[in-house]
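# A closer look at the structure
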Protein chains: 2
Amino acid sequence: MKKITFGVILFLLTLSLKAQKLHSPNGNLELLFSIKEGIPFYNLKYKGNVVVEDSKLGLRLFDDTYVHFASENERILGNSSDLDRGFTKSSEQRDSKKEFWQPVLGEKKTYANYYNELSVTLNQTSSDRNLIIRFRLFDDGLGFRYEFPYQKKMEHFRIKEEDTEFDFPADMKAWWIVADYDSQEYQPQTTLISEIPIQWEKAYDKHSSQTLVKNAVQSPLLLKKEEKNPLYVNIAEAAVLNYPASNLEVDADGFKFKTHLTPNKMGVKAYVQTPSVTPWRTIIVSDRAEEILDSKLLFNLNEPTKYKDTSYIHPSKYMGVWWEMIIGKSKWAYSTNTSVNLTSTDFSKLTPNGNHGANTKKVKDYIDFASENGFDGLLIEGWNIGWEDWMGHDKEFVFDFITPYPDFDIKMLSDYAHSKGLKLIMHHETSASAINYERWSDKAFQLMNNYGYDTVKTGYVGDIIPRGEHHYSQWTVNHYYKIAEKAHKYKIMVNSHESIRPGGESRTYPNWITAEAARGTEHEAFKGNNPDQQTILPFTRWIGGSMDYTPGIFQTRLDYYFPGDKRYVKTTLTKQLALYVVMYMPLQMAADLPENYRKHMDAFQFIKDVAADWDDTKIIAAEPGDYIITARKAKGTDNWFVGGITDENQREFTLDFSFLDHNKKYDAVIYEDGADADYINNPQSYKIYQKVVTRRSKVKFKMARSGGFAISINPKS
Amino acid sequence: MKKITFGVILFLLTLSLKAQKLHSPNGNLELLFSIKEGIPFYNLKYKGNVVVEDSKLGLRLFDDTYVHFASENERILGNSSDLDRGFTKSSEQRDSKKEFWQPVLGEKKTYANYYNELSVTLNQTSSDRNLIIRFRLFDDGLGFRYEFPYQKKMEHFRIKEEDTEFDFPADMKAWWIVADYDSQEYQPQTTLISEIPIQWEKAYDKHSSQTLVKNAVQSPLLLKKEEKNPLYVNIAEAAVLNYPASNLEVDADGFKFKTHLTPNKMGVKAYVQTPSVTPWRTIIVSDRAEEILDSKLLFNLNEPTKYKDTSYIHPSKYMGVWWEMIIGKSKWAYSTNTSVNLTSTDFSKLTPNGNHGANTKKVKDYIDFASENGFDGLLIEGWNIGWEDWMGHDKEFVFDFITPYPDFDIKMLSDYAHSKGLKLIMHHETSASAINYERWSDKAFQLMNNYGYDTVKTGYVGDIIPRGEHHYSQWTVNHYYKIAEKAHKYKIMVNSHESIRPGGESRTYPNWITAEAARGTEHEAFKGNNPDQQTILPFTRWIGGSMDYTPGIFQTRLDYYFPGDKRYVKTTLTKQLALYVVMYMPLQMAADLPENYRKHMDAFQFIKDVAADWDDTKIIAAEPGDYIITARKAKGTDNWFVGGITDENQREFTLDFSFLDHNKKYDAVIYEDGADADYINNPQSYKIYQKVVTRRSKVKFKMARSGGFAISINPKS
């Protein structure tokens, strides 16, 4: 606990008399805005207790200078014209809203958007500039942002840093990943806030592109006050548009965080032309972990979509020629070359490496299996020329996104897939050469239209080109939305990898249906994911939008392919099934190889049955890092699916079926870890049995270490 | 003179026994290549005297590292895998070539390309990598470059620096401008090499984008050994393709220069994939200044064009709605706004500023005057929306290049111009947002095709976007050529401003007909050009290609427009005429306002008559910084034009007409400074008279301070 002198307390009390108060609709949350010695502050209470202490608000801007020298950086060292002090309040406005809206794809049929609003217009006397700070207080948390109204004295400017603080009164448990301008694919860490700097050094591995920020963490960040009455807090950001993503600098002694925006190599964080707004800073608060998972606060803070036609946007279940490359069984590249040139290399003359994954014959087999089992999509990676030297060379013209390898018959395969009721899913790995992707994207999307592809998986592996930009800097953020908007013109859905983490923007851009932007299943084949990882990500990464986690690995041990290989997926087979419910994924992959599913067609049945779009979702029970139990009702049906997962500890859970409808009986098919199941020693031990259930049923499940259970529930006809 | 110990001399003598010699076709130049302790060296002699002492060759490369931290730069500090030591010669090849080729547009009908070649393959034993250094020795100088053949151990790499040295045995006079990654528009300086560091600090003014490199200068650099037998040396570079432009670091005590490539903000100078070559480093050498001006060495070092159709490329004489904005008489912008948004601003609703240059009525008047006087082009700047906040705001989407201002009737004006036999010249100022220009260039060129424009003036004022690139970094160099190639697809000629200085690349890209890339006439309306500037630029900036210098200012004193204004063009009117001959400009502007030409229609006649494309050129007499006298024979005719200019000193010159054909009589119209002419006090004093001349004629001309003379010569019929 921080020490505070009596004098300071008195001083604060005096000043708070001039403060503005705002309450959430249910009254549980109270926001206080004040100006102290010209500096704006806010604090937040939940059920009468301080959640966030008085925390500073403000931004620092660049001045303009003119003469630049190569080895110096005068522009950045110029005197500042900051927006962080000398303010007086010139006016305030209050508003409130209660609306219900329907996401195109979502966890529930209808989301409620219900808040009270306070917007304060501040005037910086010395510069005669106005800044608006807008607060929206919902029952589940707070959103606030800076707004820069058009004014003659502030038409264009550059942001040096946003200094939004989140000052907590006491140490808390924190679930975090290291801050980075280019990667989010780090192991989640669980420590106290005060322990972050110590753990930080051990919390990263090497990535294909990374720019780490010491002693800072990424958002969404989950915090928990572990007292008799626990409190869960999620800090995130919403509507990150024309602005960089933020990290959070940690003041470990003060239990305080401060925004740290992603810069470009000039050190500039954002180029702004007024009128403009920042993203919303969000603080979701609840004494129940389940309510954090249930929050739609980030989506509510985004604007409704302007798309006129969203009819082409649909949930999708897909397989892919993918996992076999990830584990090293086959290759993305076609030839033995390790250097190619798209303008001069004749790929038909190269020596095939004999192990190219995306060859016509193999893809045809995948099409057969996927279509027979009711999937509607098949992703094929490595179909197009350029993979020989796609990574690690800062190569700008690395792919053209339109030319298949000689052994990939795109016309035949597209036709064949359509004849089986399946659409191929396009793959546009950009190698982070965003500039090259922009040059080719019209041709690439046109090709998709020509062959009837309606979904693209994009990828940004490596350092961003334009060089000097980062994966989450303002320019690149704008790039992702340019691509999403262009895809919309071609009626194409986007699943982006290595892109910015979502902040509810799918409300506005519903064709950007999912993203990776965290450490997904692929890392099980690299350095591994911890068994508790899947119980954390829904509290952090998922809070602003779905993730393409690519579960469904049945053959979890890789020594099956490569004798002696020590890699293994750190879950039981049953937990892999449960992920399809615990993790919201409107674009849902069954990631393993057909040969592995063929051996477990009984378990595979759950993946075939489970829905990807929902009318309702109930977070039954959850504790970050420990377990999550979720029930969801499939879109337009009375079918329910339940998933339960646990961390590295085995766990019993008694499921109360009270979420089911009154007066109905249901057939439940239950997929449970076998009695001897264990994620290390016996991951493929499971049992499947049927049960009739009603809303009064209570069933006890035993989850193995890193195990789980999955249930599909259909009303008895 | 540098001291060298006897021991070292002996050592060098021993080693030089193993050196490779190469002679120019006429034997005047001798190149010596040697390896000393694993390091490659070259030296150069002219008529037996050392021009360049043993000078090092080599490059430094980056190693790859993986973990990046935000505030550090580990990648750049990584251990190097340099290509600058440990070499042995593994083979050599010799070749020679004599060819004649015809430039699409040029100073002569035919250029001779005649050289002896030595290429040395070096092996770096420790890394088992090969590097080729190729020397071409012409009668007028040396070109050499590094070549990176494809090899398994060197497929992709990044260049940290190229360390090519130019080591001179003694101090020399140097004509130079300060080194900068973003601007070439500096006053030429004249000092000894040893004085460069002292003068450097006084040699720059503020530019809209600049990144100065201390104690370095730009190329082309002109040097002169001022002895009884003077020697002129020009250091430049040719075929700067997929590579940055270089500056030259100065070792003032050692009379030595070293290449310093333009980096991006990552500190990387070039991203290379083998096979690849660097630009040619060039050293033009002569004991006659005139031969330096006459050298086509840089063009010869470029590849012949691959364009199949060059028929649309033509010389052009144009006027422009331009100078009136430069001097501040009218504006590029249409409205009173100082902030606009191309996606949301309705320009038709803005308040006009009442002083917009490119309005329909005015443009029509310009069309009338230009067409009546035989011009075939009219440039109009400020025709398109976006100029309200185009500069200084790092704005990415600043222009769309297709939407005219409300008061510019593009359809009517294009039709009107065509009806008068005139083509409008398109203006694409990009505000250095190259990335935005790439996004819009197809639409922009299509619009030009639609309205029958065949020439575009591009501009890159401000800091380059993608941010982190420079005007002369590798990415931006590639951008310029992308635009040139795209323009070729649309049969469009390009005149680029604020782009990279040319290095003879117009041989390969003949539709990129001219460029600014130096301090042009516009600076006369800013901080001014020195009276000797025009006698220096042809030795430096012009050595690799023509410049859009935009001469023809008759109203040199700006107090004519703005009483009390101290700005004035620092030449006489007659010198402005002479520039049309002295400066090779296939795209040739008459830059002044029609109202000023109307007052001097007799002098204007020379601008109307002078050709823009040539069958022959004779450099009659020249001394850098003092004077240039040039005679040129107009394409496909027997008409000659002569121009003579002087610096701040008045000068007499007796012109020997022996360049004329035998047995022909000619009518010469002579434009000469008036007896009382003076660039400060009486710039508009001139006399015009006729004379019959033959090749035996000798005529004495008097040039006023910063004055000149111009002659048009037609065979008597």
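Residues numbered from 1 in each chain as written. Chains lettered and ligands numbered in written order. Predicted model: local features only at pLDDT ≥ 70, side-chain atom pairs only at ≥ 80, totals over all residues. Heavy atoms only, no water.

## Observations concerning the relation of the copies chain A and chain B
Quick reminder of the rule: To line up the copies, we fit them by least squares on C-alpha atoms, keeping just the residues with pLDDT of at least 70 in both.
Take chain A, turn it by 180°, move it 0.0 Å along the axis, and it overlays chain B with an RMSD of 0.1 Å. The transformation just described matches what one would write down for a two-fold rotation axis.

## Re the packing of aromatic side chains
Test applied: Two aromatic rings, drawn from Phe, Tyr or Trp (for Trp, its six-membered ring), form a pair once their centres lie within 6.5 Å of each other, and the interplanar angle then sorts them: stacked below 30 degrees, edge-to-face above 60, tilted otherwise. Only when the NZ atom of a Lys or the CZ atom of an Arg is both within 6 Å of the ring centre and within 35 degrees of the ring normal do we say a charge sits over the ring.
One pass over the full model with this rule turns up 85 aromatic pairs over all chains. With a centroid separation of 4.8 Å and an interplanar angle of 80°, the aromatic rings of Y560 of chain A and Y561 of chain A are classed as edge-to-face. By the ring-pair criterion, three or more aromatic residues cluster together here, those being W332, W387, W390, F399, F401, Y437, F445 and Y490 of chain A. A cation over a ring is seen here: K36 of chain B above F41 of chain B, with NZ or CZ 4.1 Å from the ring centre.

## Quick word on the sheet that holds strand β25 (residues 423-429) of chain B
Residues and elements named next belong to chain B. To be explicit about the condition: Criterion used throughout: strands pair if DSSP finds at least two bridges between them. Each helix is a run of DSSP H or I of at least 4 residues and each strand a run of E of at least 2, with the numbering of both proceeding from the N terminus. To define axes, lines are fitted to C-alpha atoms, for helices over the stretch in contact only, and angles between the resulting N-to-C directions are given on a 0 to 180 degree scale.
Read across the sheet, seven strands follow the order β28-β27-β26-β25-β24-β23-β29 without closing on themselves; strand pairing throughout is parallel. Every other strand in the sheet has two partners, leaving β28 (512-515) and β29 (587-589) as the edge strands with one partner each. Within the sheet, the average angular offset between the axes of one strand and its neighbour, ignoring direction, is 30°. By the bridge criterion, four bridges tie strand β26 (residues 455-459) to strand β27 (residues 493-496) in an arrangement that is parallel. For T455, the partnering residue across the bridge sits in β27 and is M493.

## A word on the sheet that holds strand β37 (residues 708-715) of chain A
Residues and elements named next belong to chain A. Note the threshold: Residues are treated as being in contact if the distance between any of their heavy atoms lies within 4.5 Å.
If you walk across this open sheet you meet the six strands as β30-β31-β32-β37-β34-β35, and the pairing is antiparallel. The open sheet terminates on both sides in strands that have one partner only, identified here as β30 (614-623) and β35 (686-693). Pairwise comparison of adjacent strand axes, ignoring direction, gives a mean angle of 15° for this sheet. Relative to β37, strand β32 (residues 640-646) runs antiparallel, the two being bridged by six bridges. Its bridge partner being in β37, G643 is matched across the sheet by A710. Across the face of the sheet, helix α12 (residues 573-582) comes into contact with β30, β31 (627-634), β32, β34 (666-673), β35 and β37 while running at roughly 125° to β32. Sitting on the sheet, helix α14 (residues 601-609) touches β32, β34, β35 and β37, and the angle it makes with β34 is about 125°.

## Re the interface of chain A and chain B
Our working definition: A quick way to say it: buried area is the sum, across both parts, of accessible area lost when two parts are put together, with a 1.4 Å probe. Within this document, salt bridges are pairs made up of a side-chain nitrogen of Lys or Arg and a carboxyl oxygen of Asp or Glu, the two lying within 4 Å of each other. Any pair of N or O atoms that falls within 3.5 Å is considered a polar contact. Within protein, one atom must be able to donate a hydrogen and the other to accept it, and sequence-neighbouring residues count only if both atoms are side-chain atoms.
On the side of chain B, 48 residues touch chain A, which itself brings 48 residues to the contact. For the pairing of chain A and chain B, the buried interface totals around 4100 Å² over both sides, and the portion due to carbon and sulfur atoms is 51%. There are four salt bridges connecting chain A and chain B. The salt bridge partner of E438 of chain B is R439 of chain A, with a shortest N-O separation of 2.7 Å. Linking chain A with chain B are 18 residue pairs in polar contact (both at pLDDT 80 or more), by the criterion used here.

## Notes on unusual backbone geometry
The peptide bond linking S219 of chain A to P220 of chain A adopts the cis configuration, its omega dihedral lying at 0°. In this structure, P220 of chain A sits in the loop between β15 (212-218) and β16 (221-225). In this structure, P275 of chain B follows T274 of chain B across a cis peptide bond, with omega equal to -5°. You can see P275 of chain B is positioned in the loop between β20 (270-273) and β21 (276-277). With a phi angle near 55°, F255 of chain B is a residue other than glycine that sits in the positive phi range. With respect to the helices and strands, the residue F255 of chain B is situated in the loop between β18 (246-251) and β19 (256-261).

## Examining the UniProt feature "domain: Glycosyl-hydrolase 97 C-terminal oligomerisation" (unreviewed entry) in chain A
What counts, and what does not: UniProt positions are given in the numbering used here, feature names are shortened, and annotations may be inferred rather than shown by experiment.
With numbering matched to this structure, UniProt assigns "domain: Glycosyl-hydrolase 97 C-terminal oligomerisation" (unreviewed entry) to residues 613-713 of chain A. What you have in residues 613-713 of chain A is 0% helix and 58% strand, and the ends, taken at the C-alpha atoms, are 16 Å apart.

## A look at the environment of Q184 of chain A
Residues and elements named next belong to chain A. Inspection of the secondary structure puts Q184 in the loop between β13 (178-180) and β14 (189-192). Residues Q184 and E498, spaced 314 residues apart in sequence, show a C-alpha to C-alpha distance of 7.8 Å. If we ignore the near neighbours within four places in the chain, the residues touching Q184 are I177, Q218, Y472, S499, I500, R501, A517, A518 and R519. Here R501 takes part through its side chain, which lies 3.0 Å from a polar atom of the side chain of Q184.

## Section: the packing of helix α9 (residues 434-451) of chain A against helix α10 (residues 474-489) of chain A
Residue and element names in this part refer to chain A. Applicable threshold: Any angle from 65 to 115 degrees is called roughly perpendicular, while one under 35 is roughly parallel, one over 145 is roughly antiparallel, and all others are oblique.
Two numbers describe how α9 lies on α10: the axes approach to 11 Å, and their chain directions differ by 0°. As far as their axial angle goes, α10 and α9 are roughly parallel. For the pair α9 and α10, contact is made by A434, I435, Y437, E438, S441, D442 and F445 and by W475, H479, K482, I483, K486 and A487, respectively.

## Some words on the confidence of the model for chain A
All names here are of chain A. Here is the rule: You can read pLDDT as the predictor saying how much it trusts each residue, on a scale of 0 to 100.
In this model, chain A carries a mean pLDDT of 95, and residues with pLDDT of at least 70 account for 95%. Low pLDDT (under 50) marks residues 4-17, which in the prediction has eight contacts with non-local residues, meaning those over four places away or in another chain. Note that residues 72-79 has pLDDT below 50 and, in this model, 19 contacts with residues that lie over four places away or in other chains. For this predicted complex, the interface confidence reaches an ipTM of 0.93, while the overall pTM sits at 0.95.

## Brief notes about the pairing of strand β8 (residues 129-138) of chain B
Residues and elements named next belong to chain B. For clarity, the threshold we go by: Relative accessibility under 20% of the residue-type maximum defines a buried residue, over 50% an exposed one, and the middle range a partly exposed one, all with a 1.4 Å probe and only protein chains included.
A large share of β8 lies buried, amounting to nine of its 10 residues. Of the strand pairs in this sheet, strand β7 (residues 111-124) and β8 are connected by 10 bridges, and their pairing is antiparallel. Of the residues in β8, the one forming a bridge with N123 is N130. Relative to strand β9 (residues 141-148), β8 runs antiparallel, the two being bridged by seven bridges.

## Points about the domain arrangement of chain A
Accessible area lost during the coming together of the parts is what is often quoted as the interface size. Residue and element names in this part refer to chain A. To keep it simple, the criterion reads: Where each domain starts and ends follows an automatic or database-derived domain assignment. Residues are grouped as follows: Ala, Val, Leu, Ile, Met, Phe, Trp, Tyr, Cys and Pro are nonpolar; Asp, Glu, Lys and Arg are charged; every other residue, Gly included, is polar.
Structurally, chain A comprises domain 1 (6-300) and domain 2 (316-608). Look at where the C-alpha atoms of domain 1 and domain 2 centre, and you get two points 33 Å apart. On the side of domain 2, 47 residues touch domain 1, which itself brings 54 residues to the contact. Both sides of the domain 1 and domain 2 interface together cover about 4100 Å² of buried area, and 55% of this is carbon and sulfur. Inspection of the domain 1/domain 2 interface yields 34 residue pairs in polar contact (both at pLDDT 80 or more). Tallied by class, the residues present in the side of domain 1 that touches domain 2 amount to 26 nonpolar, 19 polar and nine charged.

## Some points on the pattern of salt bridges
In this structure the tally under the stated criterion is 110 salt bridges over all chains. Between K36 of chain B and D54 of chain B there is a salt bridge, with the nearest N and O atoms lying 2.5 Å from each other. You can see K36 of chain B sitting in strand β2 (residues 29-36) and its partner D54 of chain B sitting in strand β4 (residues 49-56), a full 18 residues away along the chain. A salt bridge links K716 of chain B to D667 of chain B; its shortest N-O distance comes to 2.9 Å. Of this pair, K716 of chain B sits in the segment after β37 (708-715) while D667 of chain B sits in strand β34 (residues 666-673); the two residues are 49 residues apart in sequence, bridging distant segments of the chain. The exposure class of K716 of chain B is partly exposed, given its relative accessible area of 40%. Connected through salt bridges with shared partners, the residues E117, R134, R136, R145 and E147 of chain A form a single ionic network.

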